[in-house]
Amino acid sequence: MSMFGQVYVKDNKYRIKGDFHHLTPNVPIRNADEGWKLMGVTNPRDMTYIHSYGGEAQFFEALGEGKLLGTRCDNPDCEFKGTVYQPFRIHCADCLGKNTVFDMTKLAKTTATVHTFMVCERAGAFNTLDKPIKFVNIEFEGVDTILMSYLSVGDPEIGMKLLPIFQTKNPTCTILDLSWVPAGTKAEELPEGFTF
Amino acid sequence: MIKFSKHQLKVPKLMRPVYMVTGGQSKFDRAIPDKRTEELCIDALTMAAGLINMSPAELKSYIHTAYYGHFADHFGDQLLGEAVIHDRLGLDPLGTIGIKTGGATGGSTPWEAVKAVASGYSDCTLAMGWERMDEVPTDEGNFLISCAADKDWESPLGHIYTGYYAVMAQRYWQIFGKAEDSFRETLAEISVKHHGYARMNPFAHSPKKITVADVIKSPVVAYPLRALDCCLMSVGAACAIICDEKTAIELTKNSSHKPVRIWVSAASHTLRPADRRDMDIPLLPNETPDQYKDLGKRFPGGDRYPGFTGFLAARMAVWYGYRMTGVIDPNEDLDLLELHDAFTISDVQTYEDIGVRPYGEGRDYVESGDCYHMNPKTGEPGKLPSNISGGLIGCMHAVGATGIMQTFEVASHIWNRWAEIHGDEKRWKEFAREKPADWTDLQVKGAKRGMAISHAGVGSHVTATILMDPDNLLKENA
């Protein structure tokens, strides 16, 4: 019986358990217009990758704890000292110094505003979000960049005030653990597993 | 804040003149089950040889190094596909390299080939691009394309690249388009134009006679973008032969056209639009420092540059390219364009980035009729026709080949061979396509200079390829 691939780290090495690929047989592709002559073959492939979040791991971990972490360049020698990044950026884009990590949950709760948005009726394979997907790009006071995320309740509009919500119950440990709702949304309106 | 140093703003200079001698392309389609990629590449190279009355073997004997562009190993399911194609073209053991810059791959590939010639390393190079996008169905293809976004931060959001453009479209639509129905119609007009021009192009994947209403009624993909606002997902190959002057003259001695001068410039901007930081607008030679002072007043919210409404990489690619070649005003100095119309909205955004219209006024390029082969408002030739090939919306987007196809299309006008290449009955039959009864010669009369813009997802890489008739240069020693 197959088992999903599982990984943990010990002594800074990956330890793996289970199946990281699943076999599905090839099948021929034939031409119905020309006596079913052979044209090609399918190549099924189902494989699990092992991916490191590296220095961003703390950001993804914090989402499951209901916190939004940002970063800031505090290098006194940087021409652009004070640049604040959300998305969380490990190193300053200007001086390449290591940024300071800070908790910006409160800032997000008080200043998050829709910069732009879109409503997506289609999705690519492996999408796990319900359609239509409502993308929101979010500005925060004092933050130099504009985060891309998704709205879970209501319909977006430019300038709308938002609140962050977090998948704190059974987090996926992905960016999907962070979502947004219009200011004024009640706790009972949040999707399953999400909290303010 | 992005700030340039003087070193970063050096105007590029080629160490010797570089020429595009010939080019070729395969048929483009959503799927080409009866041909392997190498067959498509051989079709393109054979066509290139034929246009200068040489056999493929004769032309190959001049090639010194080869530059191969294909965007996605995972689309073709073949790592190091460049080595496969190089072998099948019989070019071993020449030096070769693969180039990948997403949607701009077809522009970056000649960028490398041009630099190899300009530096003196090679006298004759092959720039060949292709994409095999029919090895997966469309939904899986959308997933693979979305892998070109940031895999941790953006790809999981729907795995649909159109969405990452649509947020820019929404902002542009509301700020600069003022959410007007008339602006929506202008976007639709672009799709009508490009599908319509594709009808005259036997290579094209999606020729269609459609109306503005058809576009506006087409299914929503990512609002405000609809299916007919979006580019194609194609299979095909295209190539260009790029040489120094001596080789260019020798190769064209039996050809009906002379070689064209070629320059390629390139720029980049963050793959993750979320990381865009504000900066001053880098000005083009036809703009003034005061020009954008009241941009935020005229278009409230429009003063954040590049924000989500401009493509900084496109702006910087032409910032370098225009200065390199002496272009002051593209409307006056160029005769035609091939733009990377990944979406109707990004086409409009690009008009502004490349200085065809000032920021905020891109729609006027369409509404004035200047972008047409024949201006529908005046009945006269369009001032600066664009995407006569049909572009990515009507002709194709076989990603690694796209920028080369655009360059070849511009060259075909400067060579005054557009009608011969696109009107040939034999070619229509060979591609099992019906030449329309109302087929029209779209040659831009007297074309001497043109430009192709190649653009990768959300503007992460952009190249500007400028072609000029060697007797009609704008700048000495360019």
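Above this text sits the structure in question.
Nothing here was measured: the structure is a model prediction, and the numbers come from that model. (Residues numbered from 1 in each chain as written. Chains lettered and ligands numbered in written order. Predicted model: local features only at pLDDT ≥ 70, side-chain atom pairs only at ≥ 80, totals over all residues. Heavy atoms only, no water.)

1. Some remarks on the sheet that holds strand S4 (residues 124–132) of chain B
All names here are of chain B. Pairing in this open sheet of 9 strands is mixed, and the strands run S3-S2-S4-S7-S1-S8-S11-S10-S9 from one edge to the other. Every interior strand has two partners, whereas the edge strands, strand S3 (95–99) and strand S9 (336–338), have only one. Geometrically, the sheet is characterised by an average inter-axis angle of 25 degrees between neighbouring strands, direction not taken into account. (Pairing = 2+ DSSP bridges. Helix = DSSP H or I, 4+ residues; strand = E, 2+ residues; numbered from the N terminus. Axes fitted to C-alpha atoms, helices over the stretch in contact; angles between N-to-C directions.)

2. Here we look at a nonpolar patch on the surface
All names here are of chain A. Among the surface-exposed residues, Val 7, Val 9, Tyr 14, Ile 16 and Ile 50 lie close enough to one another that they form a single nonpolar patch of about 440 Å² accessible area. Listing elements by their share of the nonpolar patch, those giving two or more residues are strand S1 (6–10) and strand S2 (13–17). Among the structural elements, Tyr 14 can be located in strand S2. On the basis of relative accessible area, Tyr 14 is assigned to the partly exposed category, the value being 45%. (Patch = residues over 30% accessible without salt bridge, like charges linked within 9 Å, V, L, I, M, F, W, Y side chains within 5 Å. Areas by Shrake-Rupley, 256 points an atom, 1.4 Å probe, with all protein chains shown as cover. Salt bridge = Lys/Arg side-chain N within 4 Å of Asp/Glu carboxyl O. Buried < 20%, exposed > 50% of the residue type's maximum accessible area, 1.4 Å probe, protein only.)

3. Quick word on the pattern of salt bridges
In total, this model carries 41 salt bridges over all chains according to the counting rule given. Put simply, Glu 79 of chain A and Lys 3 of chain B hold a salt bridge, and the shortest N to O gap is 2.4 Å. Of the two residues, Glu 79 of chain A sits in the loop between strand S7 (69–72) and strand S8 (84–85) while Lys 3 of chain B sits in the segment before strand S1 (19–25), which places them in two different chains. Judged by its relative accessible area of 56%, Glu 79 of chain A falls in the exposed class. The network of salt bridges with shared partners includes Arg 89 of chain A together with Asp 150, Arg 272 and Asp 275 of chain B.

4. Remarks on the environment of Ile 85 of chain B
The topology assignment puts Ile 85 of chain B in helix H4 (residues 81–88). Setting aside residues no more than four positions away along its own chain, Ile 85 of chain B makes contact with Thr 37, Glu 38, Cys 41, Tyr 68 and Trp 130 of chain B. (Contact = heavy atoms within 4.5 Å.)

5. Quick look at the interface of chain A and chain B
Contact residues are listed per partner, giving 46 residues for chain A and 37 residues for chain B. Carbon and sulfur atoms make up 61% of the surface buried where chain A meets chain B, a total of about 3700 Å² over both sides. For the pair chain A and chain B, the number of links is 6 salt bridges. Two residues, Arg 277 of chain B and Asp 94 of chain A, come together in a salt bridge whose shortest N-O distance is 2.8 Å. Run the count over chain A and chain B and you get 15 residue pairs in polar contact (both at pLDDT 80 or more). Residue assignment for the side of chain A that touches chain B shows that the elements contributing at least two residues are helix H1 (57–63), strand S10 (113–120), strand S11 (133–139) and strand S12 (147–150) of chain A. The leading source of residues in the side of chain A that touches chain B is S10 of chain A, at 6 residues. A per-class count over the side of chain A that touches chain B returns 26 nonpolar, 11 polar and 9 charged. (Buried area = accessible area lost by both parts, 1.4 Å probe. Polar contact = N/O pair within 3.5 Å; in protein donor to acceptor, adjacent residues only side chain to side chain. Nonpolar A, V, L, I, M, F, W, Y, C, P; charged D, E, K, R; others polar.)

Any functional reading would require information that these geometric values do not contain.
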